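Structure at a glance
Residues per chain, in single letters:
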2 protein chains.
Amino acid sequence: MLTYSFTNIESDSLYIHLYKCIKSDIIHGAIAPGTKLPSKRAFAKNLGISVITIENSYAQLIAEGYIYSIPKKGYFAADIRNQSNQKEKPSLAESIPSSSECHTYAADFVSNQASKEQFPFSIWAKLVRELLSNHQTELLTNPPSGGSLFLRESIAKHLKDFRNMQVEPAQIVIGAGTEYLYGLLIQLLGREKCYGVEDPGYRKIAQVYKSNQVDYRYVSMEQDGIRMEDLDHQRVEVIHLSPSHHFPTGKVTPISKRYELLGWAAKDKNRYIIEDDYDSEFRLAGQPIPPLYSMDALEKVIYMNTFTKTLASTIRISYMILPKHLVSRFYETLSFYSCTVPNLEQYTLARFIFEGYFEKHMNRMRTYYHKKRDYLLEELQKSGLAKYASISEEDAGLHFLLHLEIPCSDEDFKLRMERRGIRICALSEYYAAPTHRPEHIFVINYSSLDESQIKDAILQLTLEIKKISSP
Amino acid sequence: MLTYSFTNIESDSLYIHLYKCIKSDIIHGAIAPGTKLPSKRAFAKNLGISVITIENSYAQLIAEGYIYSIPKKGYFAADIRNQSNQKEKPSLAESIPSSSECHTYAADFVSNQASKEQFPFSIWAKLVRELLSNHQTELLTNPPSGGSLFLRESIAKHLKDFRNMQVEPAQIVIGAGTEYLYGLLIQLLGREKCYGVEDPGYRKIAQVYKSNQVDYRYVSMEQDGIRMEDLDHQRVEVIHLSPSHHFPTGKVTPISKRYELLGWAAKDKNRYIIEDDYDSEFRLAGQPIPPLYSMDALEKVIYMNTFTKTLASTIRISYMILPKHLVSRFYETLSFYSCTVPNLEQYTLARFIFEGYFEKHMNRMRTYYHKKRDYLLEELQKSGLAKYASISEEDAGLHFLLHLEIPCSDEDFKLRMERRGIRICALSEYYAAPTHRPEHIFVINYSSLDESQIKDAILQLTLEIKKISSP
């Protein structure tokens, strides 16, 4: 029978010591797989310890998979080699698709990340340092479900100054990204509603609805925005819009259409508009256009915005502004959810806005993007590409449309460019409906592009077009 | 007709200047509500500027609500006093329920927040500082949907060392709180499944299912854990469990019952167990019990844990470990979601774990809580309360049960204690089913309690019991 010494048990209890001894013997093969272990009673007698001690050790060994028991037969050493063999299978890590950001492109016209060089690290670090030294209690105190009041006040003030929006801090709900807030809105407005998304549009919105198994419809776009007939025809009740700057077409919905939309919403108490104002801060020409939210007298518009574009996508702070009658519903039904953004991020951002850094940062970023866009357009005009290309919707935000005269399909051109190290995306890819897809128009995101990459990217585009266009 | 000077227009364009002049006159009452504005053509002629300029100004004023148009009649100044009056309504802020943490209690036995004094601020600040200076590119690079690989590797290593769990980093999904991950799991496992929650149990779990309008059932608890007959009878397919330390009863599910549970899950391919291991790190006596996850050979267990208890609830980082066959499904269907935790938090925590600070912190916290619990129990034994009280389940985590001999209802006693500044919660409050609720048992959370509050809290409990028990 197995025998172990109990002289070197150090601070372990008896059962832990015994458990460790047996485990070690199984791991090192001293007890072969399938070996029957002594019965509890016999083992206890042999070792001069209590049956309870043996029982505890066996229980721990069973729990960890080192031994197994067969009723009325006893305890047996498990075949732990199988367990180790399992570990030698190809690693699961391969099933994690590397994010597009991991690829290195000579130029990436698809990524819509904020420019990394421009993040205000030194100010951010200063604010974080101050908060961690002087505001420890606040940092560890749970904020209300809608987010820290300081951050909501700062955002309300920013919206007043910058967008001339009248917002009470209580209307603002802070969340870890717009996708998260979409999910929360489904719970707030109701799963039984029919949701509408723009076609073409930002694909993730439809994905959120699909993943939540909610009824959603694509609503097609026409020259001045969404097709009103489609809204009625599809029985949409909640429509997602980006009227200040539609993605990807870049169109701005004119005032008259905005009133039409508000009129549509006014016709039924179940109707709402979710206004995604995602890059209104980057309108490069003309006055910023007032949001639908400010034109809405009937509490029909839920306003959404994010700091993903203005600061960094890895900050993960978005917010929505609920019409007043939805605020109390939110607190009645959803305030059991803790706010998803860490306090340190909330307070840092609140101070960043409150102390005027955000405004300065935005002014700097507008100049920076303006310059980058102008340079890109200028290089394009000067280049051999000009002959094959035209530009549209270049004023509204951080992308524009590039129309190319190419004798091949969008898909083919995209692949050809990929082979040249250039990532580019066709407008047609953003269409859900198979018909009416425009051809040979490409969506040019330039926010994350380096100025140094621009010349070569244009050259590569030119070379490829010349190659495929030559008879 | 209105006349404005165009001499001081500074850098504004003509239309902006005109827009500002009219807006100012409306705000200051120089243009009374209802006043008809000049027609575009006449106004343009009068001011010597183009019709387009007038049109642009009017459009902006309409958009911002300063003027309105009546088709075929013209443009009129809006009554903006109404808009200001609206602002004088009682503030919405009152509709935000202040979180319980805002009340001041002489002692709070309900809050389960981590002790604020113990947060490792200086180390945390050091790590944050280093990251913000030396890892700027990583901080701004989007992590995979499941979270930063560095954090997942650190967690996998921690689980190996501390819980002897074999986890591949790819199996780990990082999220902004356990509630968020529950929502994600509904999308992963399917809305059509029937979910089971423990009764009594942590109320938020049922709230998440309710809010997502998913079919869920309460499964009653018996001495050794969940009632197996109820699982079958209620046709539950996915069951939430906290086998290492049930909340609120504090019970630990024994090994034999764990095998029964795994056996139940094995019977149908749609069955899963969500194992919430929320405070296993704080088991104060005996070996930590191996999680169900480690005993599961059939990939039926989804393991969940959080840093809310071990670090701070305002850090908002939780994680789940998916069985391998669900990992690829997760990346196929849900990887369009961005990870909800900011990079700075992910990297700080990863380094905190990787460099051994987490282990040290946990050891310190265990000692700290152990001491606090012992002091609380000791003071209780010494006090006049001892005669009316008994204790159970004091070893498993950061709460235990206090049985009190009181001649009134739990609700009444709770209110009486509230009047004495003591917040306390009855076990019966955690039961969903109206029957079998135990009476006169209170759940004592001591994690966020100050040692200095303990003596007086016990005194107040004693005084109240004596008062209501005296004939």
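Below is a short write-up of the structure. (Residues numbered from 1 in each chain as written. Chains lettered and ligands numbered in written order. Predicted model: local features only at pLDDT ≥ 70, side-chain atom pairs only at ≥ 80, totals over all residues. Heavy atoms only, no water.)

With that out of the way, let us pick up the overall build of chain A. Scanning chain A from terminus to terminus reveals 17 helices and 16 strands. Expected size for 471 residues packed as a compact globule is a radius of gyration near 23 Å; at 31 Å, chain A overshoots this value by more than 25%. Based on the C-alpha atoms only, the size of chain A along its principal axes is roughly 90 × 65 × 50 Å. Taking all 471 residues of chain A together, the buried fraction comes to 57%. Across chain A, every contact between residues at least 6 apart in sequence was considered, and the portion connecting residues at least 24 apart equals 72%. Here chain A holds 56 positive side-chain charges and 57 negative ones, and the gap between their average locations is 5 Å. (Helix = DSSP H or I, 4+ residues; strand = E, 2+ residues; numbered from the N terminus. Rg over C-alpha atoms; globule rule 2.2 N^0.38 Å. Buried < 20%, exposed > 50% of the residue type's maximum accessible area, 1.4 Å probe, protein only. Contact = heavy atoms within 4.5 Å. Lys, Arg positive; Asp, Glu negative; His and termini not counted. Charge placed at Lys NZ, Arg CZ, Asp CG, Glu CD.)

This part takes up the interface of chain A and chain B. Taken together, the contact between chain A and chain B spans 81 residues of the former and 82 residues of the latter. Roughly 7,000 Å² of surface becomes buried between chain A and chain B when both sides are summed, with 60% attributable to carbon and sulfur atoms. On inspection of chain A and its partner chain B, the count reaches zero salt bridges. Counting across the chain A and chain B interface gives 20 residue pairs in polar contact (both at pLDDT 80 or more). A total of six residues in the side of chain A that touches chain B trace back to one element, the largest contributor, which is helix H5 (residues 121-134) of chain A. Residues of the side of chain A that touches chain B, tallied by class, amount to 42 nonpolar, 24 polar and 15 charged. (Buried area = accessible area lost by both parts, 1.4 Å probe. Salt bridge = Lys/Arg side-chain N within 4 Å of Asp/Glu carboxyl O. Polar contact = N/O pair within 3.5 Å; in protein donor to acceptor, adjacent residues only side chain to side chain. Nonpolar A, V, L, I, M, F, W, Y, C, P; charged D, E, K, R; others polar.)

Residue and element names in this part refer to chain A. Of all five residues that make up strand S16 (residues 441-445), five are buried, and the element is covered over most of its length. Neither face of S16 is exposed, since Ile-441, Val-443 and Asn-445 on one face and Phe-442 and Ile-444 on the opposite face are all buried. Relative to S16, strand S13 (residues 399-404) runs antiparallel, the two sharing five bridges. Within the sheet, the bridge partner assigned to Leu-401 lies in S16 and is Val-443. (Pairing = 2+ DSSP bridges.)

With that out of the way, let us pick up helix H7 (residues 149-163) of chain B. Taking 1.5 Å per residue as the helical rise, H7(B) with its 15 residues ought to reach 21 Å, and the 20 Å between its terminal C-alpha atoms agrees with that figure. Two residues or fewer past H7(B), B:Asn164 is found with a positive phi of approximately 55°. (Expected span 1.5 Å × (residues − 1).)

Once that is clear, we can look at the packing of aromatic side chains. All names here are of chain A. Tallied over the full model, the rule gives 53 aromatic pairs over all chains. Summarising the aromatic geometry, the rings of Tyr-68 and Phe-76 are spaced 5.8 Å apart at their centres and angled 25° between planes, so their arrangement reads as stacked. Residue class for Tyr-68 comes out partly exposed when judged on its relative accessible area of 36%. Residues Phe-307 and Tyr-319 carry aromatic rings whose centres are separated by 5.7 Å and whose planes lie at 40° to one another, so their mutual orientation is tilted. A residue pair is termed long-range when its members are at least 10 positions apart, and Phe-307 in the loop between strand S10 (301-306) and strand S11 (318-321) and Tyr-319 in strand S11 qualify at twelve residues. (Phe/Tyr/Trp six-rings, centres within 6.5 Å; stacked < 30°, edge-to-face > 60°.)

The topology assignment puts A:Glu411 in helix H16 (residues 410-419). With 364 residues separating them in the primary sequence, A:Glu411 and A:Leu47 have C-alpha atoms 75 Å apart.

Before going further, it helps to spend a moment on the sheet that holds strand S13 (residues 399-404) of chain B. The sheet built from four strands is open, its strands ordered S12-S13-S16-S15 (chain B) with antiparallel pairing. In this open sheet, the two edge strands, each paired with only one partner strand, are strand S12 (389-392) and strand S15 (425-426) of chain B.

Here the focus is the relation of the copies chain A and chain B. For the pair chain A and chain B, the relating rotation is 180°, the translation along its axis is 0.0 Å, and the fit reaches an RMSD of 0.1 Å. Put plainly, the chains are arranged around a two-fold axis. Looking at chain A, 100% of its interface residues are interface residues in chain B too, so the copies touch through the same face. (Least-squares fit on C-alpha atoms with pLDDT ≥ 70 in both.)

Let's shift gears to the pattern of salt bridges. A complete count under the given rule lists 40 salt bridges over all chains for this structure. Measuring nitrogen to oxygen at the nearest pair gives 3.5 Å for the salt bridge that ties A:Glu222 to A:Lys257. Of this pair, A:Glu222 sits in strand S6 (residues 216-222) while A:Lys257 sits in helix H11 (residues 255-266), placing them 35 residues apart in sequence. When its relative accessible area of 30% is taken as the criterion, A:Glu222 is described as partly exposed. In this structure A:Lys257 comes out as buried when scored by relative accessible area, which is 1%. B:Arg227 is the partner of B:Glu229 in a salt bridge, and the nearest nitrogen-oxygen pair spans 3.4 Å. The class of B:Glu229 is partly exposed, set by a relative accessible area of 45%. A residue is classified by how much of its surface remains accessible, and B:Arg227, at 30% relative accessible area, is partly exposed. A single salt-bridge network, built from bridges that share partners, covers A:Asp412, A:Arg416, A:Arg420 and A:Glu464.

Here we take up the sheet that holds strand S5 (residues 195-199) of chain B. All names here are of chain B. Taken in spatial order, the eight strands make up an open sheet running S4-S11-S10-S9-S8-S5-S6-S7, and their pairing is mixed. Looking at the sheet topology across the chains shown, the edges are occupied by strand S4 (172-175) and strand S7 (225-226). The sheet contact formed by strand S6 (residues 216-222) and S7 spans two bridges and is antiparallel. Following the sheet pairing, Met-221 is matched in S7 by Ile-226. Packed on one face of the sheet, H7 meets S4, strand S10 (301-306) and strand S11 (318-321) and runs near 115° to S4. (Axes fitted to C-alpha atoms, helices over the stretch in contact; angles between N-to-C directions.)

Take the nonpolar core next. Ranked by size, the top nonpolar core spans 198 residues in total, and within it A:Ile273, A:Phe413, B:Ile273 and B:Phe413 carry the most contacts. In this structure B:Phe413 touches B:Leu404, B:Ile406, B:Cys408, B:Phe442, B:Leu461, B:Glu464, B:Ile465 and B:Ile468, once residues within four positions along its chain are discounted. (Core = buried A, V, L, I, M, F, W, Y, C linked by side-chain atoms within 4.5 Å.)

Here the amide bond leading from B:Asp199 into B:Pro200 is cis, since omega sits at 5°, within 30 degrees of zero. Checked against the element boundaries, B:Pro200 lands in the loop between S5 and helix H9 (203-211). The linkage connecting B:Phe247 with the following residue, B:Pro248, adopts the cis geometry, with an omega of 5°. Turning to its location among the elements, B:Pro248 is positioned in the loop between strand S8 (238-241) and helix H11 (255-266). The backbone of A:Arg235 sits at a positive phi, close to 60°, despite the residue not being glycine. The class of A:Arg235 is exposed, set by a relative accessible area of 67%. One non-glycine residue, A:Glu299, adopts positive backbone phi at about 55°. One can find A:Glu299 in the loop between helix H12 (292-295) and S10.

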